[in-house]
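Structural features, examined
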Amino acid sequence: MYYFSKFLAVAKMATDDYVGFTFFVGCMAMMAASAFFFLSMNNFDKKWRTSILVSGLITFIAAVHYWYMRDYWASNAESPTFFRYVDWVLTVPLMCVEFYLILKVAGAKRSMMWRLIFLSVIMLVTGYFGEAVYRDQAWFWGLISGIAYFVIVYDIWLGEAKKLAEEAGGAVLKAHKTLCWFVLVGWAIYPLGYMAGTPGWYSFIGDWGLNMDVIYNIGDAVNKIGFGLVVYGAALASSND
Ligand SMILES: *C/C=C(C)/C=C/C=C(C)/C=C/C1=C(C)CCCC1(C)C
């Protein structure tokens, strides 16, 4: 009983704590999306099931991290940087896997997947260094991270992935293109958050009421749930083909 009541203990949330609010809503949204992807998985043809499963895993891993991040913010009123990056280092490589899975029909090779995963890990580890470890060199680590990000964008927009998507055509090509836009525009939200969170850089963003965590939380909701829905849409479209 003691543990149970401890588990249910809820930290107070101020009515004007809009950062806490976005953590809370983010957590619920990730949970709902996970239920949606897991429960709809078996409606689809076998070749799409793994992709939908991975969509659900991405939002589920995020839901668990949001559970902790929400609590961390409520108790300490500071950014849960560690949980944030653990979440990303698990979910972003899974998004790379998603690219591979949908392009498999066109003969995508594992090496393409590993290359994207490797680049995403470089992007995130260097970002973590700039945000949490070497604060004074935030520009340097942000730059390295940004370069890795651009190589990912290049790979999927113009590299081998693009060729494979064109060979596959139909629902796969359409989904690939939409995912490419997510990476180019949706993922660009994160460097904005990084800049807003680095003291002395773009603190004016804070004057508009946008704090780093709010920006990251919006990015996560858009990208993780959006990515999953694109894959879901592709599965739907290809079963109607
Ligand atoms: C679900 C989580 C996702 C899609 C996270 C994506 C994160 C990024 C694309 C982060 C990128 C960064 C840069 C390009 C430079 C500054 C440091 C980062 C890590 C914020």
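For the structure itself, look to the data block above.
A few points on the structure. Given the structure is predicted, the values throughout are model-derived calculations rather than measurements. (Residues numbered from 1 in each chain as written. Predicted model: local features only at pLDDT ≥ 70, side-chain atom pairs only at ≥ 80, totals over all residues. Heavy atoms only, no water.)

1. A look at the site of the ligand
Taken together, 17 residues form the shell around the ligand, and within it V92, M123, S145, Y190 and K224 come nearest. If you list the elements that add at least two residues to the shell around the ligand, you get α4 (81–103), α5 (110–133), α6 (138–158), α9 (189–197) and α11 (212–240). Counting residues per element, the shell around the ligand draws most heavily on α4, at five residues. A per-class count over the shell around the ligand returns eleven nonpolar, four polar and two charged. (Near = heavy atom within 4 Å. Helix = DSSP H or I, 4+ residues; strand = E, 2+ residues; numbered from the N terminus. Nonpolar A, V, L, I, M, F, W, Y, C, P; charged D, E, K, R; others polar.)

2. Remarks on the environment of F82
Residue placement: F82 occurs in helix α4. Residue F82 is classed as exposed on the basis of its relative accessible area of 51%. Sequence spacing of F82 and I144 is 62 residues, and the spatial spacing of their C-alpha atoms is 20 Å. (Buried < 20%, exposed > 50% of the residue type's maximum accessible area, 1.4 Å probe, protein only.)

3. Notes on α6
Between its terminal C-alpha atoms α6 stretches 29 Å, which fits the 30 Å expected from 21 residues at 1.5 Å a residue. Turning to α6, its buried residues number three or more, namely A138, W141, S145, A148, Y149, I152, V153, D155 and I156. Burial along α6 is one-sided: seen end-on, the buried residues are contained in an arc of 160°. More than 90 degrees from the buried face of α6, the exposed residues found are W139, F150 and L158. Looking at the buried positions of α6, the neighbouring elements they touch are α4, α5, α7 (160–168), α8 (170–186) and α9. (Expected span 1.5 Å × (residues − 1). Arc of directions from axis to C-beta. Contact = heavy atoms within 4.5 Å.)

4. Let's talk about a nonpolar patch on the surface
Among the surface-exposed residues, M13, Y18, F21, F24, V25, M28, M31, F60, V64, W67 and Y68 lie close enough to one another that they form a single nonpolar patch of about 1,000 Å² accessible area. Of all the secondary structure elements, the ones that give two or more residues to the nonpolar patch are α2 (18–40) and α3 (46–76). It is α2 that contributes the most residues to the nonpolar patch, six residues altogether. Since its relative accessible area comes to 34%, V64 is described here as partly exposed. (Patch = residues over 30% accessible without salt bridge, like charges linked within 9 Å, V, L, I, M, F, W, Y side chains within 5 Å. Areas by Shrake-Rupley, 256 points an atom, 1.4 Å probe, with all protein chains shown as cover. Salt bridge = Lys/Arg side-chain N within 4 Å of Asp/Glu carboxyl O.)

Any link to function would need more than the numbers given here.
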